[in-house]
Amino acid sequence: MARIVLKTPEGQMFEAELTGNRQSVGRNDDNDIAIPDGSVSGSHGEFVNNGGTWAFTDLGSTNGTKINGERVDNVELGHGAEFEIGHVAVTFYDEEAAPAASAPVSAAPRAMTASSDGYGAQKIDRAARTGFGAKKVKADGSRTMLMLLGVVGLLAVLGIAAMIITDGLK
């Protein structure tokens with residue numbers, strides 16, 4: 001099973017399993033992996049599994065994705081690969097694809113060409129989402145009350161406008 005370990009600039013660490021073939025990453029709560037760090041864009045990028053080979057694609061983020069401090073758009077990942085999403089350090093682990101202990105390990109990620117299937121080609125299972133933040137925003141009565149007050153206010157303005165127009169016609 002593939003997984004990532006994230007470390008924020010403040011030293012907070014988090015681990016997430018990569019399940020499925022595509023997982024979105026970003027600061028927004030609607031991502032599969034939510035990272036509440038200001039250097040991470042709302043929809044920063046995505047992890048994609050192409051037949052057992054994992055890659056990370058930056059989706060045009062503000063602070064970018066970097067390998068050894070150099071900005072890249074796409075990263076092909078191997079066991080032990082390290083890169084940065086914004087200013088958050090990421091280490092990729094894939095025990096199934098890990099080389100034998102006696103073989104030399106080259107853990108450096110490599111930049112690669114863009115995928116032709118594109119972001120959003122496959123639906124993301126939001127129920128499998130993990131991250132630092134809450135998965136769902138719980139609705140409370142205040143949001144419903146505000147909407148009700150807005151509707152009542154709009155009806156009041158329309159009523160006043162109708163009275164002014166009818167008085168002007170007399």
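Here, the structure is the one placed above.
Throughout what follows, the structure given in this document is the object of discussion. Given the structure is predicted, the values throughout are model-derived calculations rather than measurements. (Residues numbered from 1 in each chain as written. Predicted model: local features only at pLDDT ≥ 70, side-chain atom pairs only at ≥ 80, totals over all residues. Heavy atoms only, no water.)

### Structural notes on the sheet that holds strand β2 (residues 13–18)
And step 1. Reading across from one edge, β2-β1-β11-β10-β7-β8 is the order of the 6 strands in this open sheet, with antiparallel pairing throughout. Among the strands making up the open sheet, the edge pair consists of β2 and β8 (70–72). Recorded for the sheet is a direction-independent mean angle of 35° between the axes of neighbouring strands. (Pairing = 2+ DSSP bridges. Helix = DSSP H or I, 4+ residues; strand = E, 2+ residues; numbered from the N terminus. Axes fitted to C-alpha atoms, helices over the stretch in contact; angles between N-to-C directions.)

### Here we look at the packing of aromatic side chains
And step 1. According to the stated counting rule, one finds 4 aromatic pairs in the structure shown.
And step 2. Consider the rings of W54 and F92, whose centres lie 6.3 Å apart with planes at 55°: the pair is tilted. Of this pair, W54 sits in strand β6 (residues 53–58) while F92 sits in strand β11 (residues 88–94); the two residues are 38 residues apart in sequence, bridging distant segments of the chain.
And step 3. Consider the rings of F56 and F83, whose centres lie 5.5 Å apart with planes at 40°: the pair is tilted. Of this pair, F56 sits in strand β6 while F83 sits in strand β10 (residues 82–85), placing them 27 residues apart in sequence. The same class applies to F56 as to F83, namely buried.
And step 4. Directly above the aromatic system of Y93 lies the positively charged group of R3, at a separation of 4.5 Å from the ring centroid. (Phe/Tyr/Trp six-rings, centres within 6.5 Å; stacked < 30°, edge-to-face > 60°. Buried < 20%, exposed > 50% of the residue type's maximum accessible area, 1.4 Å probe, protein only. Lys NZ or Arg CZ within 6 Å of the ring centre and 35° of its normal.)

### Description of the environment of T65
And step 1. With respect to the secondary-structure elements, T65 resides in strand β7 (residues 65–67).
And step 2. Between the C-alpha atoms of T65 and V88, which are 23 residues apart in sequence, the distance is 9.5 Å.
And step 3. One polar contact links T65 to D58, side chain to side chain, over a distance of 2.6 Å. (Polar contact = N/O pair within 3.5 Å; in protein donor to acceptor, adjacent residues only side chain to side chain.)

### Some details on the environment of Q12
And step 1. Looking at the element boundaries, Q12 is found in the loop between β1 (2–7) and β2.
And step 2. Under the relative-accessibility criterion, Q12 is labelled partly exposed at 45%.
And step 3. Between the C-alpha atom of Q12 and that of V88, which follows or precedes it by 76 residues, the distance is 9.7 Å.

### Focus: the nonpolar core
And step 1. Of all hydrophobic cores here, the largest spans 23 residues; its most connected members are I4, I33, F47 and L77.
And step 2. Among the secondary structure elements, those contributing two or more residues to this core are β1, β2, β6, β9 (74–77), β10 and β11.
And step 3. In contact with F47, not counting residues within four places along its chain, are I4, L18, N21, R22, Q23, V25, W54, A55, F56, L77, F83 and V90. (Core = buried A, V, L, I, M, F, W, Y, C linked by side-chain atoms within 4.5 Å. Contact = heavy atoms within 4.5 Å.)

### As for a nonpolar patch on the surface
And step 1. Taken together, M145, L146, L148, L149 and V152 make up a surface patch of nonpolar side chains, about 520 Å² in accessible area.
And step 2. Assignment of secondary structure puts L148 in helix α1 (residues 141–169). (Patch = residues over 30% accessible without salt bridge, like charges linked within 9 Å, V, L, I, M, F, W, Y side chains within 5 Å. Areas by Shrake-Rupley, 256 points an atom, 1.4 Å probe, with all protein chains shown as cover. Salt bridge = Lys/Arg side-chain N within 4 Å of Asp/Glu carboxyl O.)

### A word on the pattern of salt bridges
And step 1. Per the counting criterion, the structure on display carries 3 salt bridges.
And step 2. When the shortest N-O distance is used, the salt bridge between E95 and R3 registers 3.2 Å. With E95 in the loop between β11 and β12 (110–111) and R3 in strand β1, this pair connects stretches of sequence that are 92 residues apart.
And step 3. Owing to a relative accessible area of 41%, E95 belongs among the partly exposed residues under this scheme.
And step 4. One salt bridge in this structure joins R22 and E46, with 2.9 Å as the shortest N-O distance. Of this pair, R22 sits in strand β3 (residues 22–26) while E46 sits in strand β5 (residues 45–50); the two residues are 24 residues apart in sequence, bridging distant segments of the chain. Side by side, R22 and E46 carry an identical accessibility label, which is buried.
And step 5. Among the ionic contacts, a cluster of salt bridges with common partners joins R3, E15 and E95.

So yeah, pure geometry; function would need other evidence.
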